[in-house]
Amino acid sequence: SGHALAYGQDDITRQAKLRFNELFDADVRTLFVFGGTGANIVALGAILKPAEAVVCTSRAHIAVDEAGAAELILGAKLIDLPSLDGKLRPEQLRELSGLIGDEHHAQPGVVSITQPTELGVLYSPDEVRVLCETAHDMGMLVHMDCARIANATAALGASAMALRSFTIQAGVDVMSFGCT
């Protein structure tokens, strides 16, 4: 009730940002946007550099369900790799190493994974960690689309520690966190 400043300058927004810091036990930057597509675009846009591409699976939400928003709004190519279960594998990332430094190709710059995948398959904390290590070793950053993050957290331990184990502690650089 009463008056509140607009555009994130209100007490409720400040409190929500503090809660995210507590949830992840770290000083995280929280931006609020409308909808999952907007969240993915803001998250990817925050870490993409010019002429970089986003590596994802051919079943990824950003490749299938967001009407080309990443490519249109970000101007970034999606390198969508085949996957039967919607999960990326480290060896798939390593196969792209030949593109790095080739001026005739968009450079693999960001890996985007979804937890759980669009098919409901979970990445274990170790799988996320190894993917992040592989991506980081190749000079790439990692985005996690967390539209169904509550389901993944419940399945992997139902605690803040479980959430951290497959996100911030595993090496994820930026995530779009579903809060609807």
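Located above this text is the structure these notes cover.
In what follows, the accompanying structure is described. (Residues numbered from 1 in each chain as written. Predicted model: local features only at pLDDT ≥ 70, side-chain atom pairs only at ≥ 80, totals over all residues. Heavy atoms only, no water.)

## Quick notes on the overall build of the protein chain
And step 1. Helix and strand counts for the protein chain come out as eight helices and five strands.
And step 2. Secondary structure elements of the protein chain, listed N to C terminal, follow the sequence α-α-β-α-α-β-α-β-α-β-α-α-β.
And step 3. Relative to the globule expectation of 16 Å for 180 residues, the C-alpha radius of gyration of the protein chain, 17 Å, shows essentially globular dimensions.
And step 4. C-alpha atoms of the protein chain, sized along the principal axes, occupy 55 × 35 × 25 Å.
And step 5. Here the protein chain holds 180 residues, and 41% of them are scored as buried. (Helix = DSSP H or I, 4+ residues; strand = E, 2+ residues; numbered from the N terminus. Rg over C-alpha atoms; globule rule 2.2 N^0.38 Å. Buried < 20%, exposed > 50% of the residue type's maximum accessible area, 1.4 Å probe, protein only.)

## Some remarks on the environment of Ile47
And step 1. Structurally, Ile47 can be placed in helix H2 (residues 36–47).
And step 2. Its relative accessible area of 14% is what places Ile47 among the buried residues.
And step 3. Separated by 70 residues in the primary sequence, Ile47 and Thr117 have C-alpha atoms spaced 22 Å apart.
And step 4. In this view, Ile47 contacts Glu52, Val110, Leu141, His143 and Val174; residues no more than four positions away in its chain are not counted. (Contact = heavy atoms within 4.5 Å.)

## Focus on unusual backbone geometry
And step 1. Cis peptide bonds are those with omega within 30 degrees of zero, and the linkage from Gln115 to Pro116 qualifies with -15°.
And step 2. Position of Pro116 relative to the elements: it lies in the loop between strand S3 (107–114) and helix H6 (125–137).
And step 3. In the Ramachandran plot, Ala67 falls in the positive-phi region, its phi being about 55° despite a non-glycine side chain.
And step 4. If you trace the backbone, Ala67 turns up in the loop between helix H3 (61–64) and helix H4 (69–74).
And step 5. Within the chain, Ala158 stands out as a residue other than glycine whose phi angle is a positive 55°.
And step 6. Structurally, Ala158 is set in the loop between helix H7 (149–155) and helix H8 (160–165).
And step 7. Take Ala158: its relative accessible area is 58%, and that puts it in the exposed class.

## Some remarks on the pattern of salt bridges
And step 1. Scanning the model with the defined rule gives seven salt bridges in all.
And step 2. Arg14 is the partner of Asp11 in a salt bridge, and the nearest nitrogen-oxygen pair spans 2.8 Å. One end of the pair, Asp11, and the other, Arg14, are both in helix H1 (residues 11–24), three residues apart, so they sit about a helical turn from each other.
And step 3. What makes Arg14 partly exposed here is its relative accessible area of 42%.
And step 4. Where Arg129 meets Asp126, a salt bridge forms, and the shortest distance between an N and an O atom there is 3.6 Å. Here Arg129 pairs with Asp126, and both are found in helix H6, just three residues apart, close to one helical turn.
And step 5. Via salt bridges that share partners, Asp126, Arg129 and Glu133 belong to a single interconnected network. (Salt bridge = Lys/Arg side-chain N within 4 Å of Asp/Glu carboxyl O.)

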